[in-house]
Amino acid sequence: MAGPEQARHGKAAGGSPAFNPRSGARLAVVQALYEMDISGKGVLDALAEFEAHWIGREVDGIAHPPAEPAFFRDLLRGVVDEQRAIDLQLDGALSEGWPLRRIEIVLRAILRAGAYELMFRPDVPARAAISQYVDVTHSFYNADEPGLVNAVLDRLARQVRPAEVAERAQTGKPGPKRA
């Protein structure tokens, strides 16, 4: 696995999909959550550091995509502020015997960010959020991890947005496009 500072970006660097500003914000949030977890930094320090030194810049030969600033801030603050509720829901969505605390740090950050959008951002369609975090996962992993993220976030979406998931299953319509 590549560390968050080494995530592949754009088709020219590793073949992963190019990131739009919202996708870039999601990737930056995962990187910031990882950094906060290993360094003990607070949310304000992480926001300042990522906005000043990482987002939209090339650092050590690694291009970090641009990010929608307000979306990045909302996601990072939201995950931190709602972490207890998020972790409780994720523990329920994970397989028995695999609580969130046993999940590797980067995967935990991806799941928390995805769960925040599913639980607290109804303006983002559930399927779009899940797809976006599967794409983010592909930036760090090449094995089974994207499937794990897809399965856990899908299970969570069925719990926190049952009407939306059921409606999409019945109609087959993808819903709004804004991700």
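Given the structure is predicted, the values throughout are model-derived calculations rather than measurements.

The next thing to look at is the overall build of the protein. Along the protein, the regular secondary structure elements total eight helices and two strands. Taken from the N to the C terminus, the helices and strands of the protein come in the order α-α-β-β-α-α-α-α-α-α. Residues counted as buried form 47% of the 179 residues belonging to the protein. Long-range contacts, defined as pairs at least 24 residues apart, comprise 71% of the intrachain contacts of the protein with a sequence gap of at least 6. Accessible area of the protein: about 8900 Å², with a carbon and sulfur share of 51%.

This structure, assessed with the given rule, holds 12 salt bridges. Its salt-bridge partner being R127, residue D154 comes within 2.6 Å of it at the nearest N-O pair. Of the two residues, D154 sits in helix α7 (residues 145-160) while R127 sits in helix α6 (residues 126-138), which places them 27 residues apart along the sequence. When its relative accessible area of 16% is taken as the criterion, D154 is described as buried. Among the salt bridges present, the one from D154 reaches R158, with a minimum N-O distance of 2.9 Å. Here the residue D154 and the residue R158 both occupy positions in helix α7, the gap between them amounting to four residues, near one helical turn. The class of R158 is partly exposed, set by a relative accessible area of 48%.

Taken as a whole and assessed by the stated rule, the structure comprises three aromatic pairs. Ring geometry for F50 versus W54: centroids 5.8 Å apart, planes at 25 degrees, classification stacked. You can see F50 and its partner W54 sitting in helix α2 (residues 43-54), four residues apart, about one turn around the helix. With a centroid separation of 5.5 Å and an interplanar angle of 25 degrees, the aromatic rings of Y116 and F120 are classed as stacked. Of this pair, Y116 and F120 both sit in helix α5 (residues 105-120), four residues apart, which is roughly one turn of the helix. Three or more aromatic residues joined by ring pairs form one cluster here, namely F50, W54 and F72. Over the aromatic face of F71 sits the side chain of R22, whose NZ or CZ is 4.0 Å from the ring centroid. Above the face of the W98 ring, R102 is positioned so that its terminal group lies 3.8 Å from the ring centre.

Moving on, we come to the side chain of R161. Tracing the backbone shows R161 in the loop between α7 and α8 (162-171). At a separation of 2.7 Å, a polar atom in the side chain of R161 contacts the main-chain carbonyl oxygen of R121. Not counting residues within four places of it along the chain, the set of residues in contact with R161 comprises E117, L118, R121, P122, V124, P125 and A126.

Here we take up the packing of helix α1 (residues 21-39) against α5. The geometry of α1 relative to α5 is characterised by a closest axis approach of 9 Å and an angle of 125 degrees between their N-to-C directions. Classed by the angle they form, the pair α1 and α5 counts as oblique. Relative to α5, the crossing made by α1 is right-handed. Judged by residue contacts, R26, V29, V30, L33, Y34, D37 and I38 of α1 engage I105, V106, R108, A109, I110, A113 and E117 from α5. Looking at side-chain class alone, the contact of α1 with α5 contains 10 nonpolar, no polar and four charged residues.

The rules we used
- Residues numbered from 1 in each chain as written.
- Predicted model: local features only at pLDDT ≥ 70, side-chain atom pairs only at ≥ 80, totals over all residues.
- Heavy atoms only, no water.
- Helix = DSSP H or I, 4+ residues; strand = E, 2+ residues; numbered from the N terminus.
- Buried < 20%, exposed > 50% of the residue type's maximum accessible area, 1.4 Å probe, protein only.
- Contact = heavy atoms within 4.5 Å.
- Areas by Shrake-Rupley, 256 points an atom, 1.4 Å probe, with all protein chains shown as cover.
- Salt bridge = Lys/Arg side-chain N within 4 Å of Asp/Glu carboxyl O.
- Phe/Tyr/Trp six-rings, centres within 6.5 Å; stacked < 30°, edge-to-face > 60°.
- Lys NZ or Arg CZ within 6 Å of the ring centre and 35° of its normal.
- Polar contact = N/O pair within 3.5 Å; in protein donor to acceptor, adjacent residues only side chain to side chain.
- Axes fitted to C-alpha atoms, helices over the stretch in contact; angles between N-to-C directions.
- Parallel < 35°, antiparallel > 145°, perpendicular 65-115°, else oblique.
- Left-handed = near helix turned anticlockwise from the far one by under 90°.
- Nonpolar A, V, L, I, M, F, W, Y, C, P; charged D, E, K, R; others polar.

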